[in-house]
Amino acid sequence: MNLAELEAVVTAAGEKRFRAQQIFRWMHQRYARSLEEMTDLPKAFREKLATQATLTTLEIDLTQRSSDGTLKFRFRAADGKQIESVCMPDEDRRTLCVSTQVGCAMGCAFCRTATMGLVRNLSAGEIVEQAHRVNAFLIAEGVPGPRPLTNLVFMGMGEPLHNFDNVKRALEILEHAQGPNFSNRHLTVSTSGLVPGIARLGEETDVKLAISLNATTDEQREKLMPVGKKWNLAALMQACRDFPTRQGRHVTFEYVMLAGVNDSLDDAKRLAKLVRGLPVKVNLIPYNANPGLPFGAPDPARVKEFHDLLVGQKVEAFTRKSRGQDIAAACGQLVAPVVKPPEVAGS
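Keep in mind it's a predicted model, so treat the numbers as computed, not measured.

1. Thoughts on the overall build of the protein
Scanning the protein from terminus to terminus reveals ten helices and twelve strands. At 21 Å, the protein has a C-alpha radius of gyration in line with the 20 Å of a compact globule built from 347 residues. Projecting the C-alpha coordinates of the protein onto the three principal axes gives extents of approximately 70 × 50 × 40 Å. In the protein, buried positions account for 50% of the 347 residues. The contacts in the protein between residues at least 6 apart in sequence include a share of 64% that link residues at least 24 apart. Taken as a whole, the protein presents about 15,800 Å² of accessible surface, with 51% of it coming from carbon and sulfur. Measuring between centres, the 44 positive side-chain charges of the protein sit 2 Å from its 39 negative side-chain charges.

2. Digging into the packing of helix α5 (residues 164-175) against helix α6 (residues 195-204)
The geometry of α5 relative to α6 is characterised by a closest axis approach of 12 Å and an angle of 25° between their N-to-C directions. On the basis of the axis angle, α5 is roughly parallel to α6. Every pair of crossing elements has a handedness; the one defined by α5 and α6 is right-handed. Across the interface between the two elements, F164, D165 and K168 from α5 touch G197, R200, L201 and E204 from α6. Class assignment for the residues of the contact of α5 with α6 results in two nonpolar, one polar and four charged.

3. Topic: the confidence of the model for the protein
The predicted model of the protein averages 91 in pLDDT, with 92% of residues at 70 or higher. Contacts of residues 339-347 to residues separated by more than four positions or lying in other chains number three contacts, the stretch itself having pLDDT below 50.

4. Description of the pairing of strand β1 (residues 58-65)
By the bridge criterion, seven bridges tie β1 to strand β2 (residues 71-77) in an arrangement that is antiparallel. The residue bridging Q64 from the neighbouring strand is K72, located in β2. From the end of β1 to the start of β2, which pair antiparallel, there are five residues, and G69 there has a positive phi angle of about 95°.

5. A look at the packing of aromatic side chains
One pass over the full model with this rule turns up four aromatic pairs. A ring pair is formed by Y287 and F295, whose centres lie 6.0 Å apart and whose planes are at 70°; its orientation type is edge-to-face. One aromatic cluster is present, formed by F73, F75 and F137 through successive ring pairs. The ring of W26 has R30 lying over it, and the distance from NZ or CZ to the ring centre is 3.7 Å. Seen from the ring of F318, K281 lies directly overhead, with NZ or CZ sitting 5.6 Å from the centre.

6. Observations regarding the sheet that holds β2
Pairing is mixed across the open sheet formed by ten strands, whose spatial order is β1-β2-β3-β4-β7-β8-β9-β10-β11-β12. The sheet terminates laterally at β1 and β12 (316-319), the two strands that pair on one side only. Taken pair by pair, the neighbouring strands of this sheet meet at an average axis angle of 25°, ignoring direction. When β2 meets strand β3 (residues 82-89), the two strands line up antiparallel, connected through six bridges. Across the sheet, residue R74 finds its bridge partner in β3, namely E84. Contacting β7 (151-154) and β8 (187-191), α5 crosses the sheet at an angle of about 180° to β7.

7. Side note on the side chain of S85
Summarising the element assignment, S85 is placed in strand β3. Since its relative accessible area comes to 0%, S85 is described here as buried. One polar contact links S85 to Q130, side chain to side chain, over a distance of 2.5 Å. Not counting chain neighbours up to four residues away, the residues in contact with S85 comprise L71, K72, F73, F75, L96, C97, S99 and Q130.

Calculation rules
- Residues numbered from 1 in each chain as written.
- Predicted model: local features only at pLDDT ≥ 70, side-chain atom pairs only at ≥ 80, totals over all residues.
- Heavy atoms only, no water.
- Helix = DSSP H or I, 4+ residues; strand = E, 2+ residues; numbered from the N terminus.
- Rg over C-alpha atoms; globule rule 2.2 N^0.38 Å.
- Buried < 20%, exposed > 50% of the residue type's maximum accessible area, 1.4 Å probe, protein only.
- Contact = heavy atoms within 4.5 Å.
- Areas by Shrake-Rupley, 256 points an atom, 1.4 Å probe, with all protein chains shown as cover.
- Lys, Arg positive; Asp, Glu negative; His and termini not counted.
- Charge placed at Lys NZ, Arg CZ, Asp CG, Glu CD.
- Axes fitted to C-alpha atoms, helices over the stretch in contact; angles between N-to-C directions.
- Parallel < 35°, antiparallel > 145°, perpendicular 65-115°, else oblique.
- Left-handed = near helix turned anticlockwise from the far one by under 90°.
- Nonpolar A, V, L, I, M, F, W, Y, C, P; charged D, E, K, R; others polar.
- pLDDT = per-residue confidence, 0-100.
- Pairing = 2+ DSSP bridges.
- Phe/Tyr/Trp six-rings, centres within 6.5 Å; stacked < 30°, edge-to-face > 60°.
- Lys NZ or Arg CZ within 6 Å of the ring centre and 35° of its normal.
- Polar contact = N/O pair within 3.5 Å; in protein donor to acceptor, adjacent residues only side chain to side chain.

In structure tokens:
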């Protein structure tokens, strides 16, 4: 619930409106796991709420730590479904890669999450709580609080714009001054190219946009990313030109480099031409191998040539260092088992 909805619940229960603000802060600033922790609420009110509401949605099912410090969390939802999130600590920031769906419907050929198909959307609460549970975990490890995470990138399992309403509601909670209070400059939503969703994101939120591009021709992109069959590169690039860049927003293009597929210098020239005139940056991501998928990582020398050509064409380009490969936490590697509900006797 957002704060306005909490206020409606509180006043309907005969309590003062400010009680909703107390509950909101307990959940979104102090990461409370139970109503009993909210000791400044009247006991009778807490007992009444406990019969009407559920406070938490996720449990940490598994934690893995990479040799480079990356942390991968597997969460179990109330229905048994599982998702993964990845925390990447750096000297000056701690970034959480957030999931928005169980699985994904986009079918990108190089992504391991795509092998799950789409199981279901995550609720706004399940999206927000990934950040809360990781913040609480880091605080318990001795990382200074009250909010160790500095940045959130919606680049985990799922297509965020395919679950737009829940993602939008989650962003509103995450940015709320009486909640986690994330700056819009520290929130980035990635998409494989859902053009109508890009327009909505620009109009209805104030966060940053990332585009998973990965190809420089329509033919190439359609083979790698089925979404390209519905919205071609011309439509995608126009959506990026139309995206409002007020309040420090900008567009980032993510380009996964696949050996022998999209890593030629001709690809680099076409990429530079595609983004020319746009206030964007390009992140080059050497492919992270996935079992059963027919792609490999490009030679480091080719990555450097590709990068240098972009820079020579006045493109702001960066080569992203792969994080968490030894625990399958790198870009495109997130996957979780789909847990079947228990069989009912006699069914």
